Amino acid sequence: MKLLLPLAALFVLTACGGGSGEAGSPNSQVAVKAPLKITAMQSTTCGGSVAATKAELFVYDNNWNITGRYKAGADGSFTLATEAKLLNFSLINNLGTHIKPKISQKVYSQVEPGDYGTVFVGHNSDNCECVEASATITKLSSSPLVQMRVSNETMQFSFAKLNGNTATLNLCRQQGKNWPALAIAARNTAGSWAYARLDNYQPTQPLFINLDKEVQALPFTTNNTAATYSSYSYTQDLAYRALTANADAPVQINGLTQIKYLTHTATLRTVQSNGDGTMIDLFSTHNLLRKTADSSALNFVIPEWSKVETFAATAAKDWAKFANGFAYDYSSFAEFTALNVDVSVYFPEGNYIEQQFTGPLKGKFPASFLPADYLALTVMDTVDHSYVSIDLSQLSSANNLTAYVRQNLKLAAPLVSQREREGDFSYIGFAVQ
């Protein structure tokens, strides 16, 4: 497993092979049978999104040579005529340069063409206005607070600075917009959590936070009593992550209004240290969706831990061959639909490369998805730290990989109000950092 740590750097080395298709927006092409339609957007950390006008669409053959390269239209959109039954393609957005990269790339393998709606590639803080504000806190419990998380509709959270029953908050909004509603989650010395919603405020005036909402444990059944549990409550514009003190049951937050849906997660996890600073996190998870009108029982069926160990051992052997690319075959895990690989590489001065791959259980993985002009080779000598996550996933409402990808794109929207969720998830995997 130690071999996985440097793979994040290898993952983004520039490709030396592959042809380049005609550059320029393909929007003028005449669509035939089933065009690939997709729009690239980038989110802002304080809310909202803008067209990713610098984004490019790459189309690959089955050996991952680039056969087409297209620039986004003025609205971030692409329309590509194709008669292919299955495609390998990626969207990439670089907000930096080839020597100071800020690269975000989403890669999809062996999916059908068609309309994929919006893909969010990259994020920035342009047009964000941030200030520091002070708040007075009241709470149900007399125990001192030890942590307070503050998040807006983007689900980006920051930690407040606590001093007794007062807090200092860092608040951000889009310039010229109202200050966003805030989801407040606070934990006391006993490990209990309490929650509040804050809106209609002005940071220049003293704020008041009333932690008047507590969690209620829900009845459930499980196939593994060693699991830990957490829950998310999604309202029309905010999301609250809820826990019991011991993470021993799924919960709901009493008193929240305008609930869209809840998700309840049961997780088995082990974290190992190699003694060289490398941390390996193995996990098996079942995540249940519940709409507000759904009162069905919570029954967690967590994938067996032996599957995690078998998958991790198999994948580690594959990824040891990573530098030259490799073929993989996880089709023996037939209860899953997709292979997901997330790689994040961080450099000094806030530069980064973030790549996400979703593909079938059996396929090919190249040494790189990037063309040679995207990244100077010397950049990889300056890697500060990296993160790799590899998992197999199944979504109950998606009976094939294309449906899985389309539903996940809706779930990945940067704002809570835009997110849609259609089914239950199961996944197994591991992460290295």
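Each remark here, short or long, concerns the structure printed above.
Residues numbered from 1 in each chain as written. Predicted model: local features only at pLDDT ≥ 70, side-chain atom pairs only at ≥ 80, totals over all residues. Heavy atoms only, no water.

A. Geometry of the sheet that holds strand β19 (residues 228–235). Pairing is mixed across the open sheet formed by twelve strands, whose spatial order is β4-β3-β6-β7-β27-β26-β29-β30-β23-β22-β19-β20. The sheet is open, and its two borders are formed by β4 (66–71) and β20 (239–242), each paired with just one other strand. Averaged over all pairs of adjacent strands, the angle between strand axes in this sheet comes to 15 degrees, irrespective of strand direction. In this structure, strand β6 (residues 87–94) lies alongside strand β7 (residues 102–111), joined through eight bridges in antiparallel fashion. Directly across from Asn88, in β7, lies its bridge partner Ser109. Sitting on the sheet, helix α2 (residues 305–319) is in contact with β22 (259–273), β23 (279–291), β26 (338–346), β29 (385–395) and β30 (425–432), with an inclination near 50 degrees to β30. Where helix α3 (residues 401–411) meets the sheet, it contacts β7, β22, β26, β27 (352–359), β29 and β30, and its direction lies at approximately 150 degrees from that of β7. (Pairing = 2+ DSSP bridges. Helix = DSSP H or I, 4+ residues; strand = E, 2+ residues; numbered from the N terminus. Axes fitted to C-alpha atoms, helices over the stretch in contact; angles between N-to-C directions. Contact = heavy atoms within 4.5 Å.)

B. The arrangement of the pairing of strand β10 (residues 145–151) in detail. With respect to burial, β10 is a largely interior element, five of its seven residues being buried. Judged from the six bridges that link them, β10 and strand β14 (residues 182–188) form a sheet pairing that is antiparallel. When the bridges of β14 are listed, Gln147 appears paired with Arg187. Here β10 hands over to strand β11 (residues 157–159) after five residues, with Met155 in that stretch at a positive phi of 70 degrees. (Buried < 20%, exposed > 50% of the residue type's maximum accessible area, 1.4 Å probe, protein only.)

C. Representation of the layout of surface pockets within the structure. When its volume is computed, the second largest pocket comes out at roughly 340 Å³. Along the walls of the second largest pocket sit 18 residues, with Leu218, Gln252, Leu262, His264 and Asp294 positioned nearest its centre. For the lining of the second largest pocket, the secondary structure elements donating two or more residues are β21 (251–253), β22 and β23. Broken down by element, the residue count for the lining of the second largest pocket peaks at three residues, all from β22. Across the lining of the second largest pocket, the residue classes tally to eight nonpolar, seven polar and three charged. (1 Å grid on protein atoms, 1.4 Å probe; cavity = no way out; pocket = protein on both sides within 12 Å on 5 of 7 lines; lining within 4 Å. Points joined across faces, edges and corners; volume = space filled by probe spheres on them. Nonpolar A, V, L, I, M, F, W, Y, C, P; charged D, E, K, R; others polar.)

D. Focus on empty space enclosed by the protein. With the rule as written, the count across this model stands at two cavities of 30 Å³ or more. By volume, the largest cavity amounts to about 40 Å³. Lining the largest cavity are Leu395, Gln407, Asn408, Leu411, Glu420, Arg421, Glu422, Gly423 and Phe425. Top element by residues in the lining of the largest cavity is α3. It accounts for three residues. The space that makes up the second largest cavity amounts to roughly 30 Å³. With three residues, strand β8 (residues 115–124) is the single largest residue contributor to the lining of the second largest cavity.

E. Structural view of the pattern of salt bridges. For the structure shown, the criterion picks out twelve salt bridges. A salt bridge links Glu349 to Lys100, with the shortest nitrogen-to-oxygen separation between them at 3.5 Å. Placement of the pair is Glu349 in the loop between β26 and β27 and Lys100 in the loop between β6 and β7, with a sequence separation of 249 residues. Note that Asp199 and Arg197 form a salt bridge whose closest N and O atoms lie 2.9 Å from each other. Among the ionic contacts, a cluster of salt bridges with common partners joins Glu56, Arg69, Lys71 and Asp373. (Salt bridge = Lys/Arg side-chain N within 4 Å of Asp/Glu carboxyl O.)

F. Molecular detail of α3. Residues of α3 that are buried include every one of Leu401, Thr402, Tyr404, Val405, Gln407, Asn408 and Leu409, and no others. Elements in contact with the buried residues of α3: β7, β8, β26, β27, β29 and β30. Capping the start of α3 is the job of one residue whose side-chain oxygen sits 3.1 Å from the backbone nitrogen of Thr402: Asn400. (Polar contact = N/O pair within 3.5 Å; in protein donor to acceptor, adjacent residues only side chain to side chain.)

G. Structural context of the packing of aromatic side chains. Applying the stated criterion across every chain, the model contains 26 aromatic pairs. Measuring from centroid to centroid gives 5.4 Å for Phe89 and Tyr108, while their planes differ by 45 degrees, and the two rings are tilted. Taken together, the residues span a long stretch of sequence, with Phe89 in strand β6 and Tyr108 in strand β7 at a distance of 19 residues. Summarising the burial analysis for this pair, Phe89 and Tyr108 share the class buried. An aromatic cluster of at least three residues, connected via ring pairs, comprises Phe58, Tyr60, Trp64, Trp319, Phe326, Phe357, Phe365, Phe369 and Tyr374. Directly above the aromatic system of Tyr116 lies the positively charged group of Arg406, at a separation of 4.6 Å from the ring centroid. (Phe/Tyr/Trp six-rings, centres within 6.5 Å; stacked < 30°, edge-to-face > 60°. Lys NZ or Arg CZ within 6 Å of the ring centre and 35° of its normal.)

H. Up close: the environment of Gly359. Among the structural elements, Gly359 can be located in strand β27. Between the alpha carbons of Gly359 and Phe58 there is a distance of 16 Å; along the sequence they are 301 residues apart. Among residues more than four places away in sequence, those in contact with Gly359 are Ser109, Tyr328, Thr337, Ala338, Leu339 and Leu401.

I. Expanded view of the state of the cysteines. Evaluation of the coordinates by the stated rule reveals two disulfides. With a sulfur-sulfur separation of 2.0 Å, Cys130 is cross-linked through a disulfide to Cys172. Disulfide Cys130-Cys172: the torsion about the S-S bond is 110 degrees, which places it as right-handed. Taken as a pair, Cys130 in strand β9 (residues 128–139) and Cys172 in strand β13 (residues 166–174) lie far apart in primary sequence, 42 residues in all. Given a relative accessible area of 43%, Cys130 falls into the partly exposed group. (Disulfide = S-S within 2.5 Å.)

J. Here's a closer look at the nonpolar core. In this structure, Phe311, Trp319, Tyr330, Leu339, Phe357, Phe365 and Leu392 are the most contacted members of the largest nonpolar core, which totals 42 residues. Counting residues per element, this core draws most heavily on α2, at five residues. Counting residues in each nonpolar core, the second largest holds 27 residues, with Ala40, Ala52, Leu57 and Ala398 among its members. (Core = buried A, V, L, I, M, F, W, Y, C linked by side-chain atoms within 4.5 Å.)

K. Structural context of the side chain of Arg419. Structurally, the position occupied by Arg419 is in the loop between α3 and β30. For the buried Arg419, no salt bridge exists, and the shortest N-O distance to an oppositely charged side chain is 8.5 Å, to Glu153. Dropping the residues within four chain positions of it, Arg419 is found in contact with Met155, Tyr234, Lys260, Tyr261, Lys410, Leu411 and Ala413. (Lys, Arg positive; Asp, Glu negative; His and termini not counted.)

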